[in-house]
Amino acid sequence: MKCIGPHNVQTWICQILLVISCLLASGQVLASQLSSDSLKQSDYPEVADKTIVEILDISYDLHREDLAKALAYVDIALERSHEKENLLYIFYGLRYKGLYYENNNQLESALDEYIRALEAAKKQDNNELILTIYTDLAITHRKVGNYQKTKDYNLKALELAKQIDHKQAMEISYHGLGFLYETIGDYDKAIEMYLQSMEVADALGNTEGVITTMQNIGITYTKVNNQNLALETIDKAYQLALEHADSMRIANVLLDYGNILANNKEYDKALKKLDQSLTIFKKSHEKSSIARTLVQLADIHTEKGAYEYAQNLFLQSLTYSSYINSGDYADLYYKLGQLYLKKKQINQAEQALQKSVKIAEEHNLKDLIQENNYSLYKIYAEQGLYEKALKHLMTSSETKNYLLNEDKTKRIAEMQFRFDSEKSEKEIQLLKLRQNRFLLFGISGLFIVLVFFFGYTIRIKGKNNDQLANKNEEIQAQNIKLKESNEVLKQFAYVAAHDLKEPLRNIGSFINLIQIKYGQQFNEEANEYMGFVKNGVKRLNGLLTDLLEYSQISSQAPENDKVVVGDVLPSIRRSLRELIHSTDAIIDCPEQLPTLCISRTHLTQLLQNLISNGIKFCDRQPIINLDCYRENEQFTLLSVSDNGIGIDPSYGEKIFNLFHRLDRATEREGTGIGLTICKNIVDKYNGEIWFESKEGEGSTFFVRLPAQARTLSDAIVENNQQNNLLLPVN
Ligand code: ADP
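What you are looking at is a predicted structure, and each value in this text was computed from that prediction instead of being measured. Per chain, residue numbering runs from 1 following the sequence as it is written. The predicted origin of the model limits local features to residues at a pLDDT of at least 70 and limits the giving and counting of side-chain atom pairs to 80 or more, whereas totals for whole chains, interfaces and linings rest on all residues. The basis for the side-chain values is all heavy atoms of the structure; hydrogens and waters are excluded.

Asks: Account for the site of the ligand, with residues named and values stated.
Replies: Any residue with a heavy atom lying within 4 Å of a molecule or strand is counted as near it. Taken together, 19 residues sit near the ligand, with Asn613, Asp642, Arg661, Thr671 and Leu675 positioned nearest. The term polar contact refers here to a pair of N or O atoms within 3.5 Å; inside protein, the definition further demands a hydrogen-donor-capable atom paired with an acceptor-capable atom, and it admits residues adjacent in sequence only when both atoms are side-chain atoms. Residue Gly674 places a main-chain N or O atom 3.3 Å away from an oxygen atom belonging to the ligand. The Shrake-Rupley method, run with a 1.4 Å probe sphere, supplies the accessible areas, and residue values consider only the shown protein chains as cover. In isolation the ligand has 530 Å² of accessible area, and contact with the protein removes 98% of it. Of all the elements in the fold, those that place two or more residues in the shell around the ligand are α25 (600-616), α26 (674-684) and β7 (698-706). Sort the elements by how many residues they give to the shell around the ligand and α25 lands first, with three residues. Every helix listed is a DSSP run of H or I at least four residues long, and every strand listed is a run of E at least two residues long, numbered separately from the N terminus.

Asks: An account of the environment of Leu107 is needed here, citing residue identities and associated values.
Replies: Mapped onto the elements, Leu107 comes out in helix α6 (residues 107-124). Leu107 sits in the buried class, given a relative accessible area of 13%. Residues Leu107 and Val144 lie 37 residues apart in sequence; the distance between their C-alpha atoms is 6.7 Å. By the convention used here, residues are in contact when the closest approach between their heavy atoms is within 4.5 Å. Once you skip the residues sitting within four places of it in the chain, Leu107 turns out to touch Glu102, Thr140, Lys143 and Val144. The classification of residues rests on relative accessible area computed with a 1.4 Å probe and restricted to protein chains. Under 20% of the type maximum is buried, over 50% is exposed, and intermediate values are partly exposed.

Asks: Requested: an account of the packing of helix α9 (residues 167-183) against helix α11 (residues 207-223), with residues and values cited.
Replies: In a pair of packed helices, the angle between the axes and the distance between the axes together describe the arrangement. Angular values range over 0 to 180 degrees, each being the angle between N-to-C directions of two axes fitted as lines to C-alpha atoms, with helices fitted over their stretch in contact. Look at α9 against α11: their axes get within 11 Å of each other, and the N-to-C directions meet at 10°. Classified by the interaxial angle, the pair formed by α9 and α11 is roughly parallel. In the packing of α9 onto α11, the handedness of the crossing is left-handed. Across the interface between the two elements, Glu171, His175, Phe179 and Glu182 from α9 touch Gly209, Thr213, Asn216, Ile219, Thr220 and Lys223 from α11. Partitioned by chemical class, the residues of the contact of α9 with α11 number two nonpolar, five polar and three charged. Note on terminology: angles under 35 degrees are roughly parallel, angles over 145 are roughly antiparallel, angles of 65 to 115 are roughly perpendicular, and the others are oblique. Each crossing gets its handedness from the near helix: less than a right angle anticlockwise from the far helix is left-handed, clockwise is right-handed. When residues are sorted by character, Ala, Val, Leu, Ile, Met, Phe, Trp, Tyr, Cys and Pro go into the nonpolar class, Asp, Glu, Lys and Arg into the charged class, and all the rest, Gly among them, into the polar class.

Asks: Talk me through the nonpolar core; I want residue IDs and the actual numbers.
Replies: Buried Ala, Val, Leu, Ile, Met, Phe, Trp, Tyr and Cys residues that are joined via side-chain atoms within 4.5 Å together make up what is termed a nonpolar core. Grouped together as the largest cluster of nonpolar side chains are 124 residues, with contacts concentrated most on Phe91 and Tyr100. Counting residues in each nonpolar core, the second largest holds 40 residues, with Ala585, Leu662, Leu675 and Cys678 among its members.

Asks: Could you give an account of the sheet that holds strand β6 (residues 688-694), with specific residues and numbers?
Replies: Strand-to-strand pairing in sheets goes through backbone hydrogen bonds, with the strands running parallel or antiparallel. Should DSSP find at least two bridges between two strands, the strands are taken to pair. Read across the open sheet, the five strands follow the order β2-β4-β5-β7-β6; overall the sheet is mixed. What marks the edges here is a single partner per strand, and that holds for β2 (586-588) and β6. When the angles between neighbouring strand axes are averaged without regard to direction, this sheet yields 15°. As paired elements, strand β4 (residues 623-630) and strand β5 (residues 635-641) share six bridges and run antiparallel to each other. The partner of Asp627 across the bridge, within β5, is Ser639. On the sheet, α26 packs against β6 and β7 and is oriented at approximately 140° with respect to β6.

Asks: Let's hear about the side chain of Asn372: which residues, and what values?
Replies: With respect to the secondary-structure elements, Asn372 resides in helix α19 (residues 366-383). On the accessibility criterion, Asn372 (0% relative accessible area) is buried. A polar atom in the side chain of Asn372 sits 2.7 Å from the side chain of Ser356.

Asks: Please give an account of the pattern of salt bridges that cites residues and values.
Replies: Within this document, salt bridges are pairs made up of a side-chain nitrogen of Lys or Arg and a carboxyl oxygen of Asp or Glu, the two lying within 4 Å of each other. Tallying each qualifying case throughout the model produces 20 salt bridges. When the shortest N-O distance is used, the salt bridge between Lys223 and Glu182 registers 2.6 Å. With Lys223 in helix α11 and Glu182 in helix α9, this residue pair connects regions lying 41 residues apart in the sequence. Residue class for Lys223 comes out partly exposed when judged on its relative accessible area of 41%. Residue Glu688 is joined to Arg704 by a salt bridge in which the shortest nitrogen-to-oxygen separation is 3.1 Å. Taken together, the residues Glu688 in strand β6 and Arg704 in strand β7 connect sequence positions 16 residues apart. In this structure Glu688 comes out as partly exposed when scored by relative accessible area, which is 42%.

Asks: Describe unusual backbone geometry, naming the residues involved and giving the relevant values.
Replies: For Glu85, which is not glycine, the phi dihedral falls at a positive 55°. Along the chain, the position of Glu85 falls in the loop between α4 (67-84) and α5 (87-103). Here His285, not a glycine, exhibits a phi torsion of approximately 55°, which is positive. For His285, the position within the fold is in the loop between α14 (267-283) and α15 (287-304).

Asks: So what's going on with the packing of helix α13 (residues 247-263) against α14? Which residues, and what values?
Replies: Closest axis-to-axis distance for the α13/α14 pair is 8 Å, and the angle between their directions is 160°. The orientation of α13 relative to α14 falls into the category roughly antiparallel. For the element pair α13 and α14, the recorded crossing hand is left-handed. Facing α13, whose interface residues are Ser247, Met248, Ile250, Ala251, Asn252, Leu254, Leu255, Tyr257, Gly258, Leu261 and Ala262, α14 presents Tyr267, Lys269, Ala270, Lys273, Leu274, Gln276, Ser277, Ile280 and Phe281.

Asks: Give me the pairing of β7: which residues, what numbers.
Replies: Where burial is concerned, most of β7 is hidden: seven out of the nine residues are buried. Bridge analysis of β5 against β7 gives seven bridges, and the strand direction is antiparallel. Each bridged residue has a counterpart across the sheet, and for Leu638 the counterpart in β7 is Val703. By the bridge criterion, seven bridges tie β6 to β7 in an arrangement that is antiparallel. The residue bridging Phe691 from the neighbouring strand is Phe701, located in β7. Counted between consecutive antiparallel strands, the loop separating β6 from β7 contains three residues, among which Gly696 sits at a positive phi close to 85°.

Following this line, the structure appears as structure tokens:
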């Protein structure tokens, strides 16, 4: 997928090192010199007659299966290198040790070795080696979650690369910075860095680099839900690959293309791209890529509800199991297990999940251990196998606690890093502002001396200017603080809602288990109390889910996808299938509906909330009518009407307030957040939302949206207004 993504940078560097090693080995340069015996060597007679380079090669092949032995081999190589005072081999030995630790997820030890390797590189004054290690250190620090250090090492590498005009290293450093910002969710900066990397790659004539960076940019756009730009970018990468790249790169781009389309819920187009990619991988016998593509195809078929097809693809992918890494292997069984559950093939599901948990435990893959155990708990609880169920629930909950702590630490580190770097940038902005003020004072002082006789008027003006400048600066500083605290609040709401869900899920699971196991011994009153607890858990869970959605929507920017209104209906029907099924609801809309300039996700959320309300708040068979037409050049009007219980019009705007529910709603499920989300979305596009209703007959919700996409300058002006930013004085 990303050939120069940091993982691949490492593979790439590693390959170069191996090539160098092979060259040296084939030259037999040191074969005779490096055969002296050592203490360690007596423990490992199999490497006694090998050269240092050969020993390193052997250790490399072995390091994933037997880390201890691989490290012992490197120690032998290092001992010999020290004897020969060969700094280059000492460097390689230390770097290999770092790499082995890193690949075995022992990151702190990896960092220690890399630091030693850096010293060895510095002793030799070898800039290429220093650059390599800076990159290793940056990648490993990112994995640990030391984002500041990651940035420092990438910047060090960048500076050195610029000094010695090493374009390729510059490209890699920019790429590393892009990946760092992508990791911590600062997508604007990520794209900025990727673009720099692309520029250098372009200047170097490295089309492959340009294409892979474009892939990364495309993926980054999907993360900010900007599907249009994501598709545009990946399509460009694809065209470029068709013109210039080899078939493997084309297949890689197609894979990303398929995923971006799937993310945009354009499943059929996605399947086409992935099929093309699969054909290429098959022709080239790229087994691990074949396996990966099969899984992605299966995921889409699962999403589409084509379970048989999906199952077939998962099983095909399993035939390539020896080419899949342990994480993907365990994940494959997990997905297969989930699919069997959907198909109600419980025995097969259990087997697949057990297999997945086994692989996950062998490789310490915590999230899969947790997910699998949770699914197994549910299976056994339903079968009445309480002891087994409890065992799996305990493991799941212990692992989840561990993961939550880890996740929290990581998220705090991300937030801290973003906060620190944004703060330092803002401090620079303020400093510049102050400098400008001093300049303004200087110039106006000089001006006053020169035109002294205009004194009075000019001085008054100067004073006003001065006061305005002061005020402006003060307001800007306040704005910055306000934005920061808003950001922290949003993050807090998200983190709180997210983290509260897990303990709640545990309470729900244990209550379930208690009821299944001891329910028969309870009297009626106790059973009733249990019912209250279960209801409470369910309601709180719904509340947290909606709060999460609300806090996510608040922080999303509006987008100008061109979406045909009817196109989002299938996915809404899928999400609401249980509600539709249980109420026999009919959802109707004209065949031809216009196109809206709105993010597909936003339109889906908006309509889904309105439609589900129409079904929920209805005492007969719900009939929902969706309509949309162009009112005039400027506006499109969308309406969702129902035949439900209706709303007393005197409630007016209040029903769009957070947590606001009408009296008659309390016996129905809900949280009072849905309409607030709708209003929030509509506000983003400068639209309007209101309702008309007759109690007992039904309600119609209207949404008026601007027909045209907003231009970038509209967005900037609006953003400034929202943040109350004053235009600069003068
Ligand atoms: P929820 O549906 O979770 O209660 P909403 O924010 O979506 O929350 O709606 C707020 C309240 O507005 C509902 O509780 C209900 O009282 C009322 N309401 C919304 N839509 C309808 C509708 N179509 N018909 C009747 N009442 C509605």
